[in-house]
Amino acid sequence: PALGLSMHWKAQVLAEKSKDEHKIYVSRLYRAKAYISILMRYNGLNNPEKYQNEAERLISSIDRDKIPTELLKAFYDETYGFVMGDDACLDRALSYFMLHHAYNKVYKLAENIGGKALFDKDYEKVNKMMDLCIQAAKNMNSTEKLRSAVECKKKISHDELERQKKVSDK
C-alpha cells in the first residue's frame, strides 16, 4: 500500500502540472482510497487519525458537481462513502455499477459494503450484499467468486444462528 500511495502521489503531481482535471480527480480519489486501505489493513498504526484526516482532506478537495463523467462520479461516491462512512453514497455507486452491468465492480463493492456492514453488525445488510455478490458472480460466470460468496453467506448465516442461540439461552 505504501508503494501504491507513493505512485498515486506522483501521478497527482504530474496531473496537476499538466492541468488535466480528469487525472487530478482520479489521482486524488486513488490516494484517498489508498489511505483508507492502509488504515483498514493495519490495525496497529501509529497515528491512525493522520491517514483518516488525509483521506478526508483529499475527498473534501473535490467538488462532485464539477466531475466531468458519470463513471468518475460513481468512483467518487464509492470513495467518499468509504472515507466518510456515508452509506447513501456507497448505495448510489453500487446502483450505478449495477445499472451498467459492471459485475466485477458490483461484486467488489458489494463485498466491501458487506464487510463494513459486518463490522457494524448489520447482518441484514450483510446478507443482502452477499446476495448481490452471488448474482454478480453468476453474471460473470465466475465459479471461484460464486463459491467464495456462497461460502461466506453460509458462514455468516451460521454465525448469526449461533448468536441468536446464545441470546435465547440467556
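Check the entry above for the structure.
Per chain, residues are indexed from 1 in the order of the written sequence. Local features in this predicted model are restricted to residues of pLDDT 70 or higher, and side-chain atom pairs are both shown and tallied only at a pLDDT of 80 or more, whereas totals for entire chains, interfaces and linings draw on every residue. Computation of side-chain values: all heavy atoms of the structure, hydrogens and water removed.

J.: Can you explain the overall build of the protein? Please cite residues and give values.
T.: Scanning the protein from terminus to terminus reveals eight helices and zero strands. Numbering of helices and strands starts at the N terminus; helices are DSSP runs of H or I of at least 4 residues and strands are runs of E of at least 2. Sequence-ordered secondary structure for the protein, helices as α and strands as β, is α-α-α-α-α-α-α-α. Burial classes: relative accessible area under 20% of the type maximum marks a residue as buried, over 50% as exposed, and values in between as partly exposed (1.4 Å probe, protein chains only). Expressed as a percentage of its 170 residues, the buried residues of the protein come to 36%. The contact criterion used is simple: two residues touch if any of their non-hydrogen atoms lie within 4.5 Å. Considering only residue pairs separated by 6 or more positions, the protein has 49% of its internal contacts joining residues 24 or more positions apart. Counting only carbon and sulfur atoms, one obtains 54% of the accessible surface of the protein, whose full area is about 10600 Å². Note on areas: Shrake-Rupley, 1.4 Å probe, and residue coverage restricted to the protein chains presented here.

J.: Summarise the packing of helix α1 (residues 2-18) against helix α2 (residues 21-41); cite the residues concerned and give the values.
T.: Fitting a line to C-alpha atoms yields each axis, with helices limited to the stretch in contact; the angle taken between N-to-C directions then spans 0 to 180 degrees. With their axes 8 Å apart at the nearest point, α1 and α2 run at an angle of 160 degrees to one another. In terms of orientation, α1 and α2 fall into the roughly antiparallel class. The handedness of the crossing between α1 and α2 is left-handed. Of the residues in α2, those in contact with A2, L5, H8, W9, A11, Q12, A15 and E16 of α1 are K23, I24, S27, R28, Y30, R31, A34, Y35 and I38. Lys, Arg, Asp and Glu make up the charged group, whereas Ala, Val, Leu, Ile, Met, Phe, Trp, Tyr, Cys and Pro make up the nonpolar group; the residues left over, Gly among them, are polar. When the residues that make up the contact of α1 with α2 are grouped by side-chain class, the tally is ten nonpolar, three polar and four charged. For classification purposes, an angle smaller than 35 degrees is called roughly parallel, one larger than 145 roughly antiparallel, one from 65 to 115 roughly perpendicular, and anything else oblique. By convention the crossing between two helices is left-handed if the near helix lies anticlockwise of the far one by an angle smaller than a right angle, and right-handed if it lies clockwise.

J.: Describe the pattern of salt bridges, naming the residues involved and giving the relevant values.
T.: The working definition used for a salt bridge is a side-chain nitrogen of Lys or Arg within 4 Å of a carboxyl oxygen of Asp or Glu. Applying the stated criterion across every chain yields a total of 15 salt bridges. Among the salt bridges present, the one from E54 reaches R57, with a minimum N-O distance of 2.5 Å. In this pair, E54 and R57 both sit in helix α3 (residues 48-60), three residues apart, roughly one turn of the helix. Judged by its relative accessible area of 18%, E54 is buried. A relative accessible area of 44% places R57 in the partly exposed class.

J.: If you had to explain α2 to someone new, which residues and values would you point to?
T.: One fewer than the residue count of a helix, multiplied by 1.5 Å, yields its expected span. The first and last C-alpha atoms of α2 sit 30 Å apart over 21 residues, in line with the 30 Å expected at 1.5 Å per residue. Turning to α2, its buried residues number three or more, namely I24, Y25, S27, R28, L29, R31, A32, A34, Y35, I36, I38 and L39. Looking at the buried side of α2, the elements it contacts are α1, α3 and α4 (70-84). Looking at where α2 begins, the residue whose side-chain oxygen comes 3.1 Å from the main-chain nitrogen of H22 is D20. The term polar contact refers here to a pair of N or O atoms within 3.5 Å; inside protein, the definition further demands a hydrogen-donor-capable atom paired with an acceptor-capable atom, and it admits residues adjacent in sequence only when both atoms are side-chain atoms.

J.: Provide a residue-level description of the state of the cysteines, including the pertinent values.
T.: Cysteine sulfurs are considered disulfide-paired once they come within 2.5 Å of each other. In this structure the tally under the stated criterion is zero disulfides. Just so you know, C133 is unpaired, no disulfide at all, and the nearest cysteine sulfur is the one on C152, 7.6 Å from it. By relative accessible area, C133 is classed as buried at 1%.

J.: Describe unusual backbone geometry, naming the residues involved and giving the relevant values.
T.: Here the phi dihedral of H101 falls at roughly 55 degrees; this positive angle occurs in a residue that is not glycine. Looking at the secondary structure, you find H101 in the loop between α5 (87-99) and α6 (103-119). By relative accessible area, which is 53% here, H101 ends up exposed. Phi angles above zero are rare outside glycine, and N141 is one such case at about 55 degrees.

J.: Explain the side chain of K125 to me, using residue names and the numbers behind them.
T.: Here K125 lies in helix α7 (residues 123-140). In this structure K125 comes out as buried when scored by relative accessible area, which is 18%. If sequence neighbours within four positions are ignored, K125 has contacts with D87, D91, I113 and A117.

J.: Please set out the nonpolar core residue by residue, giving values where relevant.
T.: In this structure, L94, F97, Y107, L109, I113, M129 and C133 are the most contacted members of the largest nonpolar core, which totals 23 residues. For this core, the secondary structure elements donating two or more residues are α4, α5, α6, α7 and α8 (143-169). Per-element tally for this core: the top contributor is α7, with eight residues. Not counting the four nearest positions on each side in its chain, M129 is found in contact with L94, A110, I113 and G114. Residues belong to one nonpolar core when they are buried, are Ala, Val, Leu, Ile, Met, Phe, Trp, Tyr or Cys, and are joined through side-chain atoms within 4.5 Å.

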